[in-house]
Amino acid sequence: RFSFKQVSIVFIVLSGVLAVQQILLHHTNNYLIFSKPFFNLLAGNNLYQEYPQFYYDTFKYSPAFALLFAPMSLLPAYIVPIIWNILNATVFFIAIKHFFKDDKLCIYALLIVLLEAITSLQNLQSNCLLSGLIILTYTNLRKQKTIWAAVSVSLAAFIKIYGIAAKVFALFFSERFKFGVIVC
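Residues numbered from 1 in each chain as written. Predicted model: local features only at pLDDT ≥ 70, side-chain atom pairs only at ≥ 80, totals over all residues. Heavy atoms only, no water.

Looking at this structure, how should I read the side chain of serine 73?
For serine 73, the location among the structural elements is in helix α4 (residues 70-73). Taking the relative accessible area as the measure of exposure, serine 73 reaches 8% and is therefore buried. Within the structure, serine 73 has its side chain in polar contact with the backbone oxygen of serine 35 (distance 2.9 Å). (Helix = DSSP H or I, 4+ residues; strand = E, 2+ residues; numbered from the N terminus. Buried < 20%, exposed > 50% of the residue type's maximum accessible area, 1.4 Å probe, protein only. Polar contact = N/O pair within 3.5 Å; in protein donor to acceptor, adjacent residues only side chain to side chain.)

Listed below in structure tokens is the structure:
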């Protein structure tokens, strides 16, 4: 029988290995979509135009995300996808552990989303990070940690606008007005 901590460590290491695989295969387009807009932002360019010289898609995130990603944009491209994936997996595992205290329930929850999580991490996407932040918004509200709930939902919204939908959780908690003031 494995503990949630053991499963988490294995999965976080796996997330790093998946990033290395993508680096070696030169399948880092999603990482490029996250890192290059910072430089377009500095240059005053439209973030939402196509930039085929940098990546093969359009930037679908907020300008704040380009700023949040700036420190990683300045690091070497061969290391950032590994850091990015480990960050995504770690936030997701922390959120699951805060939601379910019982290790068994945490592991079952992970098994339910395992395929989607691996797919997201293999493609260097932000889905695990966003899911983790949304779950942390709820669990922090449940624990009356209003400031942490506001930080979680704000970060989620800064990454992708639909993260702001997690504000709806506040309607079910007594701290909803304090939460609303902090988020605004």
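Anyway, onward from the coordinates.
Would you explain the packing of helix α1 (residues 4-24) against helix α5 (residues 80-99) in this entry?
Between two packed helices, the angle of one axis relative to the other and the distance separating the axes together describe the packing. For the pair α1 and α5, the least separation of the axes is 8 Å and the interaxial angle reads 155°. It follows from the interaxial angle that α1 and α5 lie roughly antiparallel. Of the two possible hands of crossing, α1 and α5 adopt the one that is right-handed. Touching Phe4, Ser8, Phe11, Ile12, Ser15, Gly16, Leu18, Ala19, Val20 and Ile23 of α1 are Pro81, Ile82, Asn85, Ile86, Ala89, Thr90, Phe93, Ile96 and Lys97, all from α5. The residue inventory of the contact of α1 with α5, partitioned by class, reads 13 nonpolar, five polar and one charged. (Axes fitted to C-alpha atoms, helices over the stretch in contact; angles between N-to-C directions. Parallel < 35°, antiparallel > 145°, perpendicular 65-115°, else oblique. Left-handed = near helix turned anticlockwise from the far one by under 90°. Contact = heavy atoms within 4.5 Å. Nonpolar A, V, L, I, M, F, W, Y, C, P; charged D, E, K, R; others polar.)

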